[in-house]
Amino acid sequence: MHRRPPPMLTLTVAAALAWGTAVSYAPLARAQAPSGKIKVGFMLPYTGTYAALGTAIENGFRLYVHEQGGRLGGREVEYFKVDDESDPAKAPENASRLVKRDQVDVVVGTVHSGVQMGIVKVVKETNTLLIIPNAGVDEATGPLCGPNIFRSSFSNWQPGYAMGQVVASRGLKRVVTLTWKYAAGEQSVKGFKEAFESRGGKVVKELSLPFPNVEFQAQITEIASLKPDAVFVFFAGGGAVKFVRDWAAAGLKDKIPLFASGFLTDGTLEAQGAAAQGLETTLHYADGLTNARDKAFRLEYAKAYKLQPDVYAVQGYDAAQLLAAGATAVKGDMTRKADVYKAMEAARVDSPRGAFTLSRAHNPVQDFYLRKVDGRENKVGGVAVRALADPARGCRL
Ligand code: BEZ
């Protein structure tokens, strides 16, 4: 699919060339009212262990655009989609397909931190607007931060750090961690460790297994023999369902306290059932929030999709809100990139999680809730850390 210049622009360029005049596309394009649709490229997992997360993000994004009558900044929105399969090896090619072949105005992606690194590379090379609707990879809003890179979700450091504070405050001293061996898990553990150990705790063993393996038996057996005061884990999606069930089946649920970032139990409770009851997690969203935005969002989401929303749907919804802030400021003229970025930077997003602003590195500064599983809900118990900002180490903007 090629983007054809509008007829007026073609004529003007042809005339200028005939007269030997230097051609500058940007002012010509700006002189005209923006035409055509805003092209949004979803690069998300639609298959594999994170498939449900990708769908929820797209659902949330589309819901917000639908609520605006299908338009942002006065222009209709058109969607393009790539299934990234949570496969980092395919990420640069998949991102290039959206940017170069489909010529999207914005890439909205993705879920998996490793895949995110490939997307970041492509958008940096092409100065394409990127909104990250989940993947927490610290580098994207750290050393690789950029004027065109925004997040509507969290950094991996954030929920881990919040849980480190909670576990330390319970007086628990010796903790074992377990995660998939890739950036999301490793950086969550790093955030946890930073908060926990600076408050007197000790991570006595860091266990891991390759993504997306779900054969947890060896690690569960090792944890049982280590007898720590508590365990901290990072798992999400289909793998989180399997882990929580295996943990309970091994008889450890009532023996060793298990803590996690909230991805362990978000969007998974139906499948986890009794095995998840009572689990405590930290996350920037929860069931039982009392703000009006969340009430309306949950109602509309349930009406549209016959499903309850989860954190991923919220992040998708807020990705669309961030884009709307940029598009509105330029009346839909997405070629005015610097103005789009400036408006997005300054946005105060009225999110279902509670309103948030962005840090200097374009990552949400937000509250982290302590939640406890009760039936099919991650019930909010309070705020574990208020207005937590990622340290954005290495970001120069
Ligand atoms: C990540 O890879 O960054 C990620 C995936 C699922 C949930 C949270 C983080």
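Above this text sits the structure in question.
Residues numbered from 1 in each chain as written. Predicted model: local features only at pLDDT ≥ 70, side-chain atom pairs only at ≥ 80, totals over all residues. Heavy atoms only, no water.

Chemist: Would you take a moment to explain the state of the cysteines for this structure?
Modeler: Throughout the structure, instances matching the rule amount to one disulfide. The side chain of Cys145 participates in a disulfide bridge whose partner is Cys395; the two sulfur atoms lie 2.2 Å from each other. A torsion of 90 degrees about the S-S bond marks the disulfide between Cys145 and Cys395 as right-handed. With a gap of 250 residues between them, Cys145 in the loop between β5 (129–132) and β6 (149–151) and Cys395 in the segment after β15 (377–388) connect regions that are remote in the sequence. For the residue pair Cys145 and Cys395, the accessibility class agrees, reading buried in each case. (Disulfide = S-S within 2.5 Å. Helix = DSSP H or I, 4+ residues; strand = E, 2+ residues; numbered from the N terminus. Buried < 20%, exposed > 50% of the residue type's maximum accessible area, 1.4 Å probe, protein only.)

Chemist: Would you take a moment to explain the packing of aromatic side chains for this structure?
Modeler: To describe a pair of aromatic rings, one takes the distance between the centres and the angle between the planes. Evaluation of the coordinates by the stated rule reveals 24 aromatic pairs. Considering the side-chain rings of Phe192 and Phe232, the 4.4 Å spacing of their centres and the 10 degrees angle between planes classify their relative orientation as stacked. Pair noted here: Phe192 is in helix α7 (residues 183–197) and Phe232 is in strand β9 (residues 230–234), with a separation of 40 residues, a long-range link. Judged by relative accessible area, Phe232 falls into the buried class, the value being 0%. Taken together, the ring pairs in this structure connect Tyr50, Phe154, Trp180, Tyr182, Phe211, Phe216, Phe234, Phe235, Phe243, Trp247, Phe263 and Tyr312 into an aromatic cluster. Just above the ring of Tyr79 sits the side chain of Arg62; from NZ or CZ to the centre is 4.1 Å. Of note, Lys81 hangs over the ring of Tyr46, and the distance from its end group to the ring centre comes to 4.5 Å. (Phe/Tyr/Trp six-rings, centres within 6.5 Å; stacked < 30°, edge-to-face > 60°. Lys NZ or Arg CZ within 6 Å of the ring centre and 35° of its normal.)

Chemist: Mind showing me how you'd approach the sheet that holds β6 here?
Modeler: Remark on secondary structure: sheet strands pair via backbone hydrogen bonds, oriented parallel or antiparallel. Spatially, the six strands line up as an open sheet ordered β2-β3-β1-β4-β5-β6, and their pairing is mixed. Looking at the sheet topology across the chains shown, the edges are occupied by β2 (71–72) and β6. Here strand β1 (residues 38–44) runs beside strand β3 (residues 75–83); their pairing, made up of seven bridges, is parallel. Paired with Phe42 across the strands is Lys81, a residue of β3. Each of β1, β3 and β4 (106–108) is contacted by helix α4 (residues 91–101), which is oriented at about 165 degrees to β1, the strand it contacts most. The strands that helix α13 (residues 337–346) touches are β5 and β6; relative to β5, the one it contacts most, it runs at about 25 degrees. (Pairing = 2+ DSSP bridges. Contact = heavy atoms within 4.5 Å. Axes fitted to C-alpha atoms, helices over the stretch in contact; angles between N-to-C directions.)

Chemist: What is the right way to read the site of the ligand from this model?
Modeler: As a matter of local geometry, the ligand sits amid 15 residues, with Val111, His112, Ser113, Gly136 and Tyr182 nearest to it. Taking Val111, its main chain carries an N or O atom lying 3.3 Å from an oxygen atom of the ligand. Its free accessible area being 260 Å², the ligand has 100% of it covered by the protein chains. Of the residues belonging to the shell around the ligand, the class tally is ten nonpolar, five polar and no charged. When residues of the shell around the ligand are assigned to domains, at least three fall in each of domain 1 (13–154 + 289–362) and domain 2 (157–283). (Near = heavy atom within 4 Å. Polar contact = N/O pair within 3.5 Å; in protein donor to acceptor, adjacent residues only side chain to side chain. Areas by Shrake-Rupley, 256 points an atom, 1.4 Å probe, with all protein chains shown as cover. Nonpolar A, V, L, I, M, F, W, Y, C, P; charged D, E, K, R; others polar. Domains from an automatic or database assignment.)

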